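# Working through the structure, step by step
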Amino acid sequence: MKRHPFEPARLISGVTALTLGTAYGLDALGVWEAPGPWLLLALPAGLLLSGITAAVWATIRRHHADRTEEAPTTQRA
């Protein structure tokens, strides 16, 4: 099976969506009373965190790729 690259931004987005879905589900069942404004603010906050993570991750990968291309090669005399 082919391995996929790790993408932390997708992980954060998925955890945010699962958390909000669980919170709204528990609120609908009456098990937990969800604070409405906090849940409405959690989605944009999670997406913002995911976007920042994606930007940082892309920068890290780009710099890592540049260093591997610029690595000095050993020449034998």
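Below is a summary of the structure that appears in this document.

Procedures and definitions
- Residues numbered from 1 in each chain as written.
- Predicted model: local features only at pLDDT ≥ 70, side-chain atom pairs only at ≥ 80, totals over all residues.
- Heavy atoms only, no water.
- Helix = DSSP H or I, 4+ residues; strand = E, 2+ residues; numbered from the N terminus.
- Buried < 20%, exposed > 50% of the residue type's maximum accessible area, 1.4 Å probe, protein only.
- Phe/Tyr/Trp six-rings, centres within 6.5 Å; stacked < 30°, edge-to-face > 60°.
- Contact = heavy atoms within 4.5 Å.
- Polar contact = N/O pair within 3.5 Å; in protein donor to acceptor, adjacent residues only side chain to side chain.

Helix and strand content of the chain: two helices and zero strands. Relative to its 77 residues, the chain shows a buried fraction of 13%.

According to the stated counting rule, one finds one aromatic pair in the structure shown. Aromatic side chains phenylalanine 6 and tryptophan 57 sit 5.9 Å apart centroid to centroid with 85° between the ring planes, which places their arrangement in the edge-to-face category. With phenylalanine 6 in the segment before α1 (8-29) and tryptophan 57 in helix α2 (residues 36-69), this pair connects stretches of sequence that are 51 residues apart. Owing to a relative accessible area of 30%, tryptophan 57 belongs among the partly exposed residues under this scheme.

Here we come to the environment of alanine 42. Checked against the element boundaries, alanine 42 lands in helix α2. For the pair alanine 42 and alanine 17, spaced 25 residues apart in sequence, the C-alpha to C-alpha distance is 9.4 Å. Excluding its chain neighbours within four sequence positions, the residues that come into contact with alanine 42 are Thr16 and Leu20.

The next subject is the side chain of threonine 16. Within the secondary structure layout, threonine 16 lies in helix α1. With relative accessibility at 14%, the residue threonine 16 sits in the buried group. For threonine 16, the side chain forms a polar contact with the main-chain oxygen of isoleucine 12, separated by 2.8 Å. In this structure threonine 16 touches Ala42, Leu43 and Gly46, once residues within four positions along its chain are discounted.

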